[in-house]
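# Topology and contacts: notes
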Amino acid sequence: MPSLLNPYISFDGDARQAMEHYQSIFGGDLRINTFGESGTGEGDLADKVMHAMLKTPNGFALMGADSPPGMPYHPGDNIAVSLSGDDGAELRGYWEKLSADGAVSVPLEKQMWGDEFGACKDKFGISWMVNIGQPQG
């Protein structure tokens, strides 16, 4: 298996909902393991997500988990997920769904470097950047 670089996002108890939301946007196979399944959680913690991984048909990989009790949780700190490529229709579709019910900090529009770029926080407080370059050919 080749090495992969992908984001890992910590959530405050809503990892399952967030990961299912991202699966509804990008498609693919979502695997979720709970603390209870691993034998490391009881009560409310048993149903929380210990590890989730979404692998999409386009080759994206996104991981996430609920922060266990006692671990600090700071939504959106030190992470931004970047989507880039030259398929404008596909990337604009992702942008529309990610920015819906969120907050746009940079509208998706042509930038001084020639690409379309936008930045937003989704409804879960996660920062996203979308860059649409010109097709290379």
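Going by the structure above, here's the rest.
All of these numbers come straight from a predicted model, not from anything done at the bench. (Residues numbered from 1 in each chain as written. Predicted model: local features only at pLDDT ≥ 70, side-chain atom pairs only at ≥ 80, totals over all residues. Heavy atoms only, no water.)

### What about the packing of helix 1 (residues 15-26) against helix 3 (residues 88-99)?
- Between helix 1 and helix 3, the least distance of the axes is 10 Å, while the angle of their chain directions is 150°. Classified by the angle their axes make, helix 1 and helix 3 are roughly antiparallel. By crossing handedness, the relation of helix 1 to helix 3 is classed as right-handed. Between helix 1 and helix 3, the contacting residues are His-21, Tyr-22, Ile-25 and Phe-26 on the first element and Tyr-94, Lys-97 and Leu-98 on the second. (Axes fitted to C-alpha atoms, helices over the stretch in contact; angles between N-to-C directions. Helix = DSSP H or I, 4+ residues; strand = E, 2+ residues; numbered from the N terminus. Parallel < 35°, antiparallel > 145°, perpendicular 65-115°, else oblique. Left-handed = near helix turned anticlockwise from the far one by under 90°. Contact = heavy atoms within 4.5 Å.)

### Concerning the packing of aromatic side chains
- In total, this model carries seven aromatic pairs according to the counting rule given.
- Note on Phe-26 and Trp-128: the rings are 6.0 Å apart at their centroids and 35° apart in plane angle, and the pair reads as tilted. Of the two residues, Phe-26 is situated in helix 1 and Trp-128 in strand 8 (residues 127-132); the sequence distance between them amounts to 102 residues.
- Between the aromatic rings of Trp-113 and Phe-117, the centroid separation amounts to 5.6 Å while the plane-to-plane angle is 65°, which identifies the pairing as edge-to-face.
- The class of Trp-113 is partly exposed, set by a relative accessible area of 47%.
- The class of Phe-117 is buried, set by a relative accessible area of 16%. (Phe/Tyr/Trp six-rings, centres within 6.5 Å; stacked < 30°, edge-to-face > 60°. Buried < 20%, exposed > 50% of the residue type's maximum accessible area, 1.4 Å probe, protein only.)

### As for the layout of surface pockets
- Roughly 290 Å³ of volume is contained in the largest pocket.
- If you trace the largest pocket, you find 19 residues lining it, with Asn-6, Pro-7, Gly-59, Phe-60 and Ala-61 closest to the centre.
- Secondary structure elements with two or more residues in the lining of the largest pocket: strand 3 (49-55), strand 4 (61-66) and strand 5 (80-85).
- Of all the elements, strand 5 adds the most residues to the lining of the largest pocket, at five residues. (1 Å grid on protein atoms, 1.4 Å probe; cavity = no way out; pocket = protein on both sides within 12 Å on 5 of 7 lines; lining within 4 Å. Points joined across faces, edges and corners; volume = space filled by probe spheres on them.)

### Section: the pattern of salt bridges
- One pass over the structure, following the stated rule, counts two salt bridges.
- Of the charged contacts, one joins Asp-29 and Arg-31 as a salt bridge, the two residues approaching to 2.9 Å between their closest N and O atoms.
- For Arg-92, the salt bridge goes to Glu-116, with nearest N and O atoms at 2.4 Å. In this pair, Arg-92 sits in helix 3 while Glu-116 sits in strand 7 (residues 116-121), placing the two residues 24 residues apart along the sequence. (Salt bridge = Lys/Arg side-chain N within 4 Å of Asp/Glu carboxyl O.)

### Focus on helix 3
- Between the first and last C-alpha of helix 3 there are 16 Å, a value that for 12 residues agrees with the 16 Å anticipated at 1.5 Å per step.
- Burial in helix 3 covers these residues: Gly-88, Leu-91, Tyr-94, Trp-95, Leu-98 and Ser-99. Viewed end-on, helix 3 has its buried residues packed into an arc of 130°, placing them on one side of the element. Away from the buried face of helix 3 by more than 90 degrees, exposed residues Ala-89 and Glu-96 are located.
- Looking at the buried side of helix 3, the elements it contacts are helix 1, strand 5, strand 6 (103-110), strand 7 and strand 8.
- Just past helix 3, the residue Asp-101 takes up positive phi, approximately 65°. (Expected span 1.5 Å × (residues − 1). Arc of directions from axis to C-beta.)

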